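# Summary of structural features
Letter by letter, the chains look like this.
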Amino acid sequence: MPFTPAVARETTRLWTTSWNCTRHASLNDTAIERFASELDLTAVAAFDPPNTHTFPELTFASPWHEAGFICLTHALDFGSGFRALLHAHRNGQGAWLTIRAGLIHLAQYLSDTAGTESSKLARISVDSVKSLFDIEHDSLELLAIQIHSVIVELGTVLSMRLKMDSLAEFVRSVVGPGPSQSPDLCEAALPPCARLADALVRHFPITFRDEYAMETCNRYAPDLSSGASIRVAFFKKAQLTVSEMFLAARQRHNSCAHSEVPHADVVFLHNELGKDWDQLTAFVDNVVVACLRFRGIIVCSNALTNAIESGTCIAIGSPEEVSLRACGLAAVDRLTAWCNFRGASAEPPAVKITVPQMCNYLWGCYGKKSGVRSFKRHSVPETLFY
């Protein structure tokens, strides 16, 4: 089965209807409709998340090199479980700001070190990671090891198995112009965003493959396993990577003055990834889940609510964590659908909202509002996916 947005959407839908999900978290459709009626659809459509797909501090040799760096960026887009420790030891900066600052230093490191990008990524040391990302405090040792494992996987797979020099080469080989892609590299029949997401998950599983085999259970004896399992997939970072590449290309494309002609590769990336960008799912992390819990859209059991509110760490791949994220993915789908139903009935009809737009708005705008930002988020320090 491919590693695509469609698979993530279908497997999470099935899980949200299972007893082993609803005993931990479920959806309130009335709250979804209420929130949809309050949202400014124009603001949702216009929102562009700041500093997640552009790096004005850096200069790239080509749009493909920028796309490769976006791939590296969102491969490392995790660390939310260390939020409190990072705030304490990074002058109040959380996971994303820590990762972003470290990426700028990593880019300089790659520029200053001899060899191909992939070989340099493959041989980076944990101590270098600690220094580049400024996470040398003992309490952040696990985070440094996690970042190191992701960087090394990227470099090792590229250099040793795929025989590629860079992530830019990988991205171009999967979605760029030219001859048909090798079936060993990607599923050429898939549309561009799905093809690239699938290739990222397939070749870099430690970094991008967030899927779980979840046991089902007897509704009337929930402590007894039925022996069956359900595949539940998210592919959050892979889809987010593809979305950010599209948004970066769109920004480059739209920022050209009328007298300027956009770079041909920018036009290609914009048009190619735009073919199925709207089919991506929500990029569900603990910020999106917290926004939806704040609105009463995700309703948790008393036990799970108490665990979140007390700051108890939730195990990666546990029924609790998977249920929270699955409900989040399904909720953003439903919220988007309700907004578009409402928008189509308006006079004049409102702009149509896509799921990636709704998710980015929740993460980057609504989640920053007073009361929402301080609302307790679930914590999974073990995860490499958010």
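Residues numbered from 1 in each chain as written. Predicted model: local features only at pLDDT ≥ 70, side-chain atom pairs only at ≥ 80, totals over all residues. Heavy atoms only, no water.

## Some thoughts on helix H12 (residues 192-203)
Let me state the cut-off plainly: A run of DSSP states H or I qualifies as a helix once it reaches four residues; a run of E qualifies as a strand once it reaches two. Both are numbered from the N-terminal end. By definition here, a helix of n residues has an expected span of 1.5 Å times n minus one. Buried, partly exposed and exposed residues are distinguished by accessible area as a fraction of the type maximum, computed with a 1.4 Å probe on protein chains only: under 20%, between the cut-offs, and over 50%, respectively.
Taking 1.5 Å of rise per residue, the 12 residues of H12 would be expected to cover 16 Å, and the 16 Å separating its terminal C-alpha atoms lies within 8% of that figure. Among the 12 residues that make up H12, 11 are buried, leaving the element largely enclosed by the rest of the structure. Buried residues of H12: Pro 192, Cys 193, Ala 194, Arg 195, Leu 196, Ala 197, Asp 198, Ala 199, Leu 200, Val 201 and His 203, and no others.

## Comments concerning the side chain of Ser 166
For clarity, the threshold we go by: As used in this structure description, the phrase polar contact means that two N or O atoms lie within 3.5 Å; if the pair is within protein, one of them must be able to donate a hydrogen and the other to accept it, and residues adjacent in sequence are counted only when both atoms belong to side chains. The criterion used for residue contact is that any of the two residues' heavy atoms lie within 4.5 Å.
Topologically, Ser 166 is positioned in the loop between helix H10 (141-161) and helix H11 (167-175). Residue classification places Ser 166 among the buried positions, given a relative accessible area of 12%. Separated by 3.1 Å, the side chain of Ser 166 and the backbone nitrogen of Glu 169 make a polar contact. Every residue in contact with Ser 166, bar those within four places of it in the chain, is listed here: Glu 117, Ser 118 and Leu 158.

## Some points on the environment of Arg 334
The topology assignment puts Arg 334 in helix H18 (residues 319-345). With sequence-adjacent residues up to four places away left out, Arg 334 is seen in contact with Leu 27, Asp 29 and Ile 32. Only 2.8 Å separates the side chain of Arg 334 from the side chain of Asp 29, close enough to count as a polar contact.

## Observations regarding the side chain of Asn 286
When you line up the elements, Asn 286 lands in helix H16 (residues 286-294). Judged by relative accessible area, which is 4%, Asn 286 ranks as buried.

## Quick notes on the environment of Gly 371
Relative to the elements of secondary structure, Gly 371 occurs in the segment after helix H19 (355-364). When the C-alpha atoms of Gly 371 and Gly 296 are compared, they prove to be 14 Å apart, with 75 residues separating the residues in sequence.

## Section: the nonpolar core
One broad rule of soluble globular proteins: the nonpolar side chains tend to lie buried together. Spelled out, the test is: In these notes, a set of buried Ala, Val, Leu, Ile, Met, Phe, Trp, Tyr and Cys residues joined through side-chain atoms within 4.5 Å is what counts as a nonpolar core.
Ranked by size, the top nonpolar core spans 123 residues in total, and within it Leu 76, Leu 106, Phe 133, Ile 147 and Phe 170 carry the most contacts. At 10 residues, the largest contribution of residues to this core is made by H18.

## Examining the pattern of salt bridges
Cut-off, in case you're wondering: The term salt bridge refers to a side-chain nitrogen of Lys or Arg lying within 4 Å of a carboxyl oxygen of Asp or Glu.
Within this structure, the stated rule accounts for 16 salt bridges. Across the pair Glu 141 and Lys 130 runs a salt bridge whose closest N-O atoms are separated by 2.6 Å. Of this pair, Glu 141 sits in helix H10 while Lys 130 sits in helix H9 (residues 126-132); the two residues are 11 residues apart in sequence, bridging distant segments of the chain. Between Arg 172 and Asp 265 there is a salt bridge, with its nearest N and O atoms 3.9 Å apart. Separated by 93 residues along the polypeptide, Arg 172 in helix H11 and Asp 265 in helix H15 (residues 264-273) bring together distant segments of the chain. Its relative accessible area of 36% is what places Arg 172 among the partly exposed residues. Linked by salt bridges that have partners in common, Glu 187, Asp 198 and Arg 202 make up one network.

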